[in-house]
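Observations on the model geometry
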Amino acid sequence: MTPPIDIPVGITTHSRLSEIDFNNLEFGKHTADHMLLAEYENGAWGQPRIVPFGEISLSPTSLVLHYAQTVFEGMKAFKMQDGNVSIFRVDKHYNRFLKSLERMCMPAIPENIFKEGLKKLVSIDKAWIPDTEGGALYLRPFMIATEQRLGVKVSDKYLFMIVSSPVGPYYAKPLNMKIETEYVRAAEGGTGYAKCGGNYGASFLPTQMARQQGFDQVLWTDAKEHKYLDEAGTMNVMFVMDGVLATPPLSTSILDGVTRDSILALAPEMGMKAEQRRITVEELETALSEGRVSEAFGAGTAAVVAPIQSISVNGKSYQLPSWNDDNFMIKVKNKLSDIRHGLVADTKIWNTVI
Ligand SMILES: Cc1ncc(COP(=O)(O)O)c(C=O)c1O
């Protein structure tokens, strides 16, 4: 653990809080009053500071704008039942951020800037955490390459920032998924396991094409053979097949999702056997056609659990059974919510209480 750090704060004189309708929040549309910044130059991080949220200026030749050295995290802070505020799984998000940075050849952010910066920012903007059921303050730490240069090179200068956005309950519409067997999101050895901007830009076209065909999202398959399932666009994918929870194993082509990890950790104590194993498209199709898949869902910070109602395999659509509160995916979603809000004991020490 790096030593405690002093983070100066400039408080806004024009809070936008009263302009926000907390009962109608569009994901990521509004930002809270403050943000954190820290610059990296000459091999060292400068003084982090919190300032009123606002625009930043960038040179048109900032390397990030051309060669996409940019990495981010997505996490949430919650209002707990006892009035405290908690941030969920800060350590896991921090470690994933470090892995993403390493893959993109970017400098590590010191633990004290990341963690204490998050805590201080959330405590300053805690009035922005919605009181509504299912509401949270979405936290977005990110880093960009700021050196001014048109030549292709690793940047010498970076900007680290944390911004936040109040989000409401995510009423996930049941998803109609298409198994993608033409386009590729990420290949083994590539950047799929890193939360870097390029992964998302590259996924837009196939996702948009799937939407035009009436699907909500694509289920990515491996780049070599399109034989094994990887993950969805912004979620890991999980199935209850023959009564067992199954999800693809971590690899260099999928993101090590914090929600995935949390669900896998909770499953055994909820009486659900869990397996991380390769799942072929063929195996899934056979199991779907034989009615052996009782649940399919996406797992990610935004929705926590997003139930899947149909999966299209090579143009043939398979319907999943309807679900209720007794289904594992709903029970585990509720359990995670109870842990985050302090309604049940946080036995795994996942909450950072501020
Ligand atoms: C590509 C991808 N996979 C999986 C996830 C789920 O990860 P997490 O549960 O950490 O939000 C996300 C969301 O961040 C994602 O963007």
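Attention here is on the structure that accompanies the text. Quick caveat: nothing in here was measured; it's all calculated off a predicted structure.

Now for helix α5 (residues 258-266). An α-helical turn contains 3.6 residues, so any two residues separated by three or four positions project in the same direction. Most of α5 is tucked away, with seven of its nine residues classed as buried. Within the sequence span of α5, burial applies to V258, T259, R260, S262, I263, L264 and L266.

This next bit is on the side chain of S253. Its place among the elements puts S253 in the loop between β13 (244-247) and α5. Within the local environment of S253, its side chain forms a polar contact with the side chain of D230, the two groups lying 3.2 Å apart. Each residue touching S253, except ones within four places of it in the same chain, is listed here: R185, A186, A187, E188, G192, Y193, D230 and E231.

To continue, consider a nonpolar patch on the surface. Where nonpolar side chains cluster on the molecular surface, the patch consists of I56, L58 and L65 and spans about 240 Å² of accessible area. Along the chain, L65 falls in helix α1 (residues 64-67).

The subject of this paragraph is the site of the ligand. Around the ligand, the surrounding shell holds 16 residues, and the nearest of these are K195, Y200, E231, T259 and T301. One of the side-chain N or O atoms of R96 is found 2.8 Å from an oxygen atom in the ligand. Taking Y200, its side chain carries an N or O atom lying 2.6 Å from an oxygen atom of the ligand. Elements with a contribution of two residues or more to the shell around the ligand: α5 and β15 (293-300). Of the residues belonging to the shell around the ligand, the class tally is five nonpolar, seven polar and four charged.

Two quantities define a packed helix pair, namely the angle between the helix axes and the distance between the axes. Contact geometry for α5 and helix α7 (residues 328-340): axes closest at 11 Å, N-to-C directions at 105°. Comparing their axes, α7 and α5 come out roughly perpendicular. Listed contacts from α7 to T259, S262, I263 and L266 of α5 are F328, V332, K335, L336 and I339. Class assignment for the residues of the contact of α5 with α7 results in six nonpolar, two polar and one charged.

Criteria and cut-off values
- Residues numbered from 1 in each chain as written.
- Predicted model: local features only at pLDDT ≥ 70, side-chain atom pairs only at ≥ 80, totals over all residues.
- Heavy atoms only, no water.
- Buried < 20%, exposed > 50% of the residue type's maximum accessible area, 1.4 Å probe, protein only.
- Helix = DSSP H or I, 4+ residues; strand = E, 2+ residues; numbered from the N terminus.
- Polar contact = N/O pair within 3.5 Å; in protein donor to acceptor, adjacent residues only side chain to side chain.
- Contact = heavy atoms within 4.5 Å.
- Patch = residues over 30% accessible without salt bridge, like charges linked within 9 Å, V, L, I, M, F, W, Y side chains within 5 Å.
- Areas by Shrake-Rupley, 256 points an atom, 1.4 Å probe, with all protein chains shown as cover.
- Salt bridge = Lys/Arg side-chain N within 4 Å of Asp/Glu carboxyl O.
- Near = heavy atom within 4 Å.
- Nonpolar A, V, L, I, M, F, W, Y, C, P; charged D, E, K, R; others polar.
- Axes fitted to C-alpha atoms, helices over the stretch in contact; angles between N-to-C directions.
- Parallel < 35°, antiparallel > 145°, perpendicular 65-115°, else oblique.

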